[in-house]
Amino acid sequence: MPEKKAVSKKSPKSTLVIVESPTKAKSIEKYLGPGFTVRASMGHLIDLPKSRLAVNIEDNFSPEYITVRGRAALLKELQKEAKKADQVLLASDNDREGEAIAWHLRSALEGKVKAPIKRIVFNEITPAIIKEAVKNPVDIDESKVNAQKARRVLDRLVGYNLSPLLWKKVKNGLSAGRVQSVALRLICEREAEVENFIPEEYWSLDADFSKGKSKFSAQLVQYQGKKPTLENENAVKAIIEEIKNADCVVCDIKESDKMVRPKAPFTTSKLQQAAANRLGFTSKKTMQVAQQLYEGIAIGSQRVGLITYMRTDSTRISPLAIEEVRKYIAEKFPKELPDEPIEYAVGKKAQDAHEAIRPTYVKYTPEYVKEYLTRDQQRLYAIIWERFVSSQMNNAKNRTTSVDIQAANAIFRLSATKVIEKGFYKVIKTLGSKEEKGTALPALAVGEKLECQKFYPEQHFTQGPARYTDASIVKMLEEKGIGRPATYAPIISVLGDRYYVTRSNKQLVPTPLGRMINEILVESFPDVINENFTAQIETNLDLVAEDKLNWTSMMGEFYYPFKGHLDELMGSLESYKGTMDEETDKICEKCGKPMVKKLGRFGFFLACSGFPECRNTRSIPLAKCPRPGCNGEIVARKTKGRGKEFFGCTNYPECDFITHFKPINSICPQCGQFLVEKYTKKHGSIKACINPACNYLHTQEEEEPIDDID
């Protein structure tokens, strides 16, 4: 017999997959199994240096990239792993930033490794999707890379040129950004509207009626055939006097039904708005928690990416996901399954690069995964899951019943709404009992006489514009085309980090520093710190990403006029630095020298003019103490434990006057004491007199005690 030849076994191919985060790496490595090594780049390894402009203007605005400080060892490790692999797959996020990360990684690996380097993209981290992406690698999208490069260079040109202007004119260490400065402008303009708003008095009139043992309240909605205009208390009293002895008769009963359509699955901005309104999350927190859900959570012995990619402006859903959710609805809520899938219109400005945010597996209900998630993860996942499933269910139907009661020339109305067909409400666990059960109305009939028990006149004041919150500023940015899904949260975070904006009762309030920066930038560059300009830039970046616009031409059209105007201003703009050290009549209690008013990172404060020998500082007095006989002043202070701000007298402990409400630079027109800004759930932000005996916009809410005064 002929001798058998030994057959050499070829070792299986090895593949290196590079993602952005370690959490994502863990999830994907489990899905791919043997032959695959998954490593994380930890975001950008190569970027512009922080210490200089690093943009070569003469060479077509070419960026001068370097290895990010502290990342050289990681880059070498990835190069070492790549040399051992038969192929390298770059799996950074499927957006412009991720495309740029992949492009930089390829540049760093090419020439050092022989293995082919390809790109893979995916919208969700599930076994089927990841394996499909690995089978179908693609080339890096150079147009997307150019769009990211254009944004990065443009922001660098603006920020690194505007910041020195602020250093020279205001204070060292300040910074300005192209998009953040526009958001700051919006917030400052809204603040000016809030401050300039003058409330107007008006009144309402309710009345209690009874039928036997049933009692109910109704509101005056019509007087002498038209909507009542009750400008003051005398107007209300006149109506009461006229109708107090009149017969009260049910004159009309109406029922009306309203169909309520389910809402589209979440886009990034809508998720941030919902999380802010319903969960109290900041935009930054929403994106952090969503990132965790996207990258993977340990569910028992498996690691599961629970939601699709969370940076998207589209409401589009994949056919497979539609099929899965309709199957789930058919099982759990068969009566609420529409005959055909529901499609939602994609916004005109949407790039539509990704699906809407949805659960990767509908079978993982919020109740099922609750034990595996943190409280924040579970709450955010619940609203994403509910929003997606409900978006493919039948409409709900509400029924509103209105009863009109006539008393002489006045008509009072009571109304109640209840859900008569739950439809998609069946999966909305967060739906309150009020919406589900409605308000019960007594059994009444037209012509029936009722007894009027009591009248309730109530004073109100018109409400001015509300300050922006995380939810409303994101909505405004989206409506005006400022920023993109990936940038909404960073825009707000940067303003807070720079202390240009603070949060008060979840409202965004510009600081004195922020207002000063805004004033300078808007006055100096009205065409750049401008929502229309910023929106146009976003449109142009989209065109670059679609390979319809050359990014260097775009840079040239912007930069040269901008730089010319900036150079003029550096020589002509009046310096604000002279206002930073304003002399006061206050005397330092430690050394006897005059105190000066300074602008610091956290606003204005008093500092001793003897600095550095004397380092004494004090808060700026906001108002004279309202206590009779006290010559103290009201200053901002903080509690010992939580550092919560309150306002107290400088003569403490001899004078123990304290309040949670911030004094404003206004005097009460009725009693002469100072006004404070109050925030109530009923009235929102209002200006009210600090004097409890004065009725000027005074509200009766009690302040919580302050028991840990610092």
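Shown above is the structure to which this text applies.
Residues numbered from 1 in each chain as written. Predicted model: local features only at pLDDT ≥ 70, side-chain atom pairs only at ≥ 80, totals over all residues. Heavy atoms only, no water.

Engineer: Whenever I open this one, the overall build of the protein chain confuses me. Can you help?
Structural biologist: Across its full length, the protein chain holds 18 helices and 29 strands. Along the three orthogonal principal directions, the C-alpha set of the protein chain runs to about 120 × 80 × 50 Å. Look at the contacts in the protein chain between residues 6 or more apart in sequence, and 67% of them connect residues 24 or more apart. For the protein chain, the accessible area works out to roughly 37000 Å², and carbon and sulfur atoms hold 49% of it. (Helix = DSSP H or I, 4+ residues; strand = E, 2+ residues; numbered from the N terminus. Contact = heavy atoms within 4.5 Å. Areas by Shrake-Rupley, 256 points an atom, 1.4 Å probe, with all protein chains shown as cover.)

Engineer: How should I be thinking about helix α14 (residues 470-479) in this particular structure?
Structural biologist: Note that an α-helix has 3.6 residues per turn; residues three or four places apart therefore point the same way. Three or more residues of α14 are buried, namely Asp470, Ala471, Ile473, Val474, Met476 and Leu477. Residues of α14 that are buried make contact with α6 (178-196), α8 (268-279), α9 (283-295), α15 (488-497), β17 (501-504) and β18 (507-510). Two residues or fewer past α14, glycine 481 is found with a positive phi of approximately 75°. (Buried < 20%, exposed > 50% of the residue type's maximum accessible area, 1.4 Å probe, protein only.)

Engineer: Help me understand the sheet that holds strand β10 (residues 214-223), please; the structure alone is not making it clear to me.
Structural biologist: Strands pair in a sheet through their backbones, by hydrogen bonds, and they do so in one of two ways: parallel or antiparallel. Reading around the barrel, the six strands line up as β9-β10-β15-β14-β11-β16 and close back on themselves, with antiparallel pairing between neighbours. Shown here is a sheet whose adjacent strand axes are inclined to one another by a mean of 35°, direction ignored. Note that strand β9 (residues 201-211) and strand β16 (residues 449-461) share 10 bridges and pair antiparallel. Within the sheet, the bridge partner assigned to phenylalanine 209 lies in β16 and is cysteine 452. Seen against the sheet, helix α7 (residues 233-243) touches β9, β10, β14 (396-407), β15 (410-421) and β16 and runs at an angle of roughly 25° to β9. (Pairing = 2+ DSSP bridges. Axes fitted to C-alpha atoms, helices over the stretch in contact; angles between N-to-C directions.)

Engineer: Explanation requested: the nonpolar core in the structure shown.
Structural biologist: A general tendency of soluble globular proteins is for nonpolar side chains to be buried together. Counting 63 residues, the largest nonpolar core has Phe122, Leu306, Ile307, Leu380, Tyr381 and Val389 as the members making the most contacts within it. Those residues within four positions of valine 389 in sequence are excluded, and the remaining contacts are Val325, Tyr328, Ile329, Val362 and Val427. By size, the runner-up hydrophobic cluster in this structure holds 59 residues, among which are Leu157, Leu165, Val179 and Ile492. (Core = buried A, V, L, I, M, F, W, Y, C linked by side-chain atoms within 4.5 Å.)

Engineer: What is the right way to read the packing of aromatic side chains from this model?
Structural biologist: To describe a pair of aromatic rings, one takes the distance between the centres and the angle between the planes. Inspection of every chain in the model, using the stated rule, returns 14 aromatic pairs. Where phenylalanine 412 meets phenylalanine 455, the ring centres are 6.4 Å apart and the plane angle is 40°; that geometry is what we call tilted. Of this pair, phenylalanine 412 sits in strand β15 while phenylalanine 455 sits in strand β16, placing them 43 residues apart in sequence. In this structure, phenylalanine 412 and phenylalanine 455 share a single accessibility class: buried. Counting every residue linked through ring pairs, the aromatic cluster contains Phe525, Phe533, Phe558 and Phe562. Positioned above the aromatic ring of tyrosine 160 is the side chain of arginine 156, whose terminal nitrogen or guanidinium carbon lies 4.1 Å from the ring centre. Sitting over the face of the ring of tyrosine 468, arginine 190 holds its NZ or CZ atom 4.2 Å from the ring centroid. (Phe/Tyr/Trp six-rings, centres within 6.5 Å; stacked < 30°, edge-to-face > 60°. Lys NZ or Arg CZ within 6 Å of the ring centre and 35° of its normal.)

Engineer: How should unusual backbone geometry be read in this particular structure?
Structural biologist: Note: most residues except glycine have negative phi, and most peptide bonds are trans. With an omega of 10°, the peptide bond running from phenylalanine 611 to proline 612 counts as cis. Here the residue pair tyrosine 652 and proline 653 is connected by a cis peptide bond, since its omega of 10° sits within 30 degrees of zero. Relative to the assigned elements, proline 653 resides in the loop between β25 (645-649) and β26 (658-659). The backbone of alanine 54 sits at a positive phi, close to 60°, despite the residue not being glycine.

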